[in-house]
Amino acid sequence: MKYPLDRICVKSGVLCASCQRKVESGTVSEDEIPVMRILMDLEEELKFLKKGEYVRSFRISNQVIVMLRNGFEPGEISELERALSQKLGDRVKVVIETGDVKRLIEQLIAPASLIGVNQVWLPSGSEMLNVRVSRRDRRIIGRNKEEYEKLLSSLLGVETRIIFE
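The text that follows walks through the structure, step by step, so that each part is easy to find. (Residues numbered from 1 in each chain as written. Predicted model: local features only at pLDDT ≥ 70, side-chain atom pairs only at ≥ 80, totals over all residues. Heavy atoms only, no water.)

## Observations concerning the overall build of the protein chain
We apply this condition: Helix and strand assignments follow DSSP, with helices taken as H or I runs no shorter than four residues and strands as E runs no shorter than two, numbered in order from the N terminus. For a compact globule the rule gives 2.2 Å times the number of residues to the power 0.38, and the radius of gyration it is set against comes from C-alpha atoms. Remark: exposure states derive from per-residue accessible area (1.4 Å probe, protein chains only) relative to the maximum for the residue type, with buried under 20%, exposed over 50%, and partly exposed in between. In summary, the charge assignment counts Lys and Arg as positive and Asp and Glu as negative, without counting His or the chain termini. Charged groups are reduced to one reference atom each: NZ for lysine, CZ for arginine, CG for aspartic acid, CD for glutamic acid.
Looking only at helices and strands, one finds seven helices and six strands in the protein chain. Here the protein chain has a C-alpha radius of gyration of 17 Å; the compact-globule value for 165 residues is 15 Å, and the two agree. A principal-axis box enclosing the C-alpha atoms of the protein chain has dimensions of 50 × 35 × 25 Å. When burial is assessed residue by residue, the protein chain has 42% of its 165 residues classed as buried. Here the protein chain contributes 27 positively and 25 negatively charged side chains, and the mean placements of these two sets differ by 3 Å.

Spelled out as structure tokens, the structure:
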């Protein structure tokens, strides 16, 4: 698997100058290093990890969201989620980055169902995305709504609002 930091730096916990710059600039956060270390350890057990690429990981309350790139099968994703959850001690959701905004949002808010995504142009000339989610899924996202909105806004580069319909 490809990682944004050097394998030696992640394994040892001592960062070289290049990796340290990536952490200081915000390209990689300090919280992502343990996730990368666990993924490196799991590569021996789960051979399908070798074909992937690590993108980022985020924490929303008691859940860790790990973004990967390149094609994984659904069975492989669930196996990886179980292994990571066991090692980290938190619930883990693995999201595959595909370049499709709607698919990314669906993966992030799952098991809630996405009704649609609307692009809204504001009078100021800026853009905003309204993510429409089923009203019955309010309990799934409800208490973490602001965190999801902030995460989606940072990932998509556009202000995002979740609306329950």
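So that's the structure; there's more coming.
## Describing the state of the cysteines
Inclusion rule: A pair of sulfur atoms, both from cysteines and within 2.5 Å, is called a disulfide here.
One pass over the full model with this rule turns up zero disulfides. Between Cys9, a free cysteine, and Cys16, which holds the nearest cysteine sulfur, the sulfur-to-sulfur gap is 3.6 Å. Taking the relative accessible area as the measure of exposure, Cys16 reaches 28% and is therefore partly exposed.

## Considerations on the nonpolar core
Burial of nonpolar side chains together is a common tendency in soluble globular proteins. Rule in force here: Here, nonpolar core refers to any group of buried Ala, Val, Leu, Ile, Met, Phe, Trp, Tyr and Cys residues whose side-chain atoms link them within 4.5 Å. Every residue pair with non-hydrogen atoms within 4.5 Å of one another is taken to be in contact.
With 31 residues, the main nonpolar core has Leu39, Leu49, Tyr54, Val66, Leu68, Leu80 and Leu84 as its most contacted residues. When contributions to this core are tallied by element, the ones reaching two or more residues are α1 (7–12), α2 (17–25), α3 (32–42), β2 (63–69), α4 (74–88) and β3 (91–97). Non-local contacts of Leu68, meaning those with residues more than four positions away in its chain, are made with Met1, Leu39, Glu53, Tyr54, Val55, Leu80, Val94, Val95, Ile96 and Glu97. Formed by 20 residues, the second largest nonpolar core is a distinct cluster that contains Val131, Ile141, Tyr148 and Leu152.

## Re unusual backbone geometry
A cis amide bond, omega 10°, links Ala110 with the succeeding residue Pro111. One can find Pro111 in the loop between α5 (101–109) and β4 (114–121).

## As for the pattern of salt bridges
As a reminder, the rule being used: We define a salt bridge as a side-chain nitrogen of Lys or Arg found within 4 Å of a carboxyl oxygen belonging to Asp or Glu.
Summed over all chains, the structure comprises ten salt bridges. Notably, a salt bridge pairs Arg7 with Glu43, separated by 3.2 Å at the nearest N-O pair. On the criterion of sequence distance, the pair formed by Arg7 in helix α1 and Glu43 in the loop between α3 and β1 (53–60) is long-range, its members being 36 residues apart. Judged by its relative accessible area of 4%, Glu43 falls in the buried class. Note that Glu106 and Arg103 form a salt bridge whose closest N and O atoms lie 3.6 Å from each other. Pair noted here: Glu106 and Arg103 are both in helix α5, with a separation of three residues, about one helical turn. On the accessibility criterion, Glu106 (30% relative accessible area) is partly exposed. Among the residues examined, Arg103 registers a relative accessible area of 41% and is labelled partly exposed. Through salt bridges with shared partners, a single ionic network connects Glu53, Arg69 and Glu97.

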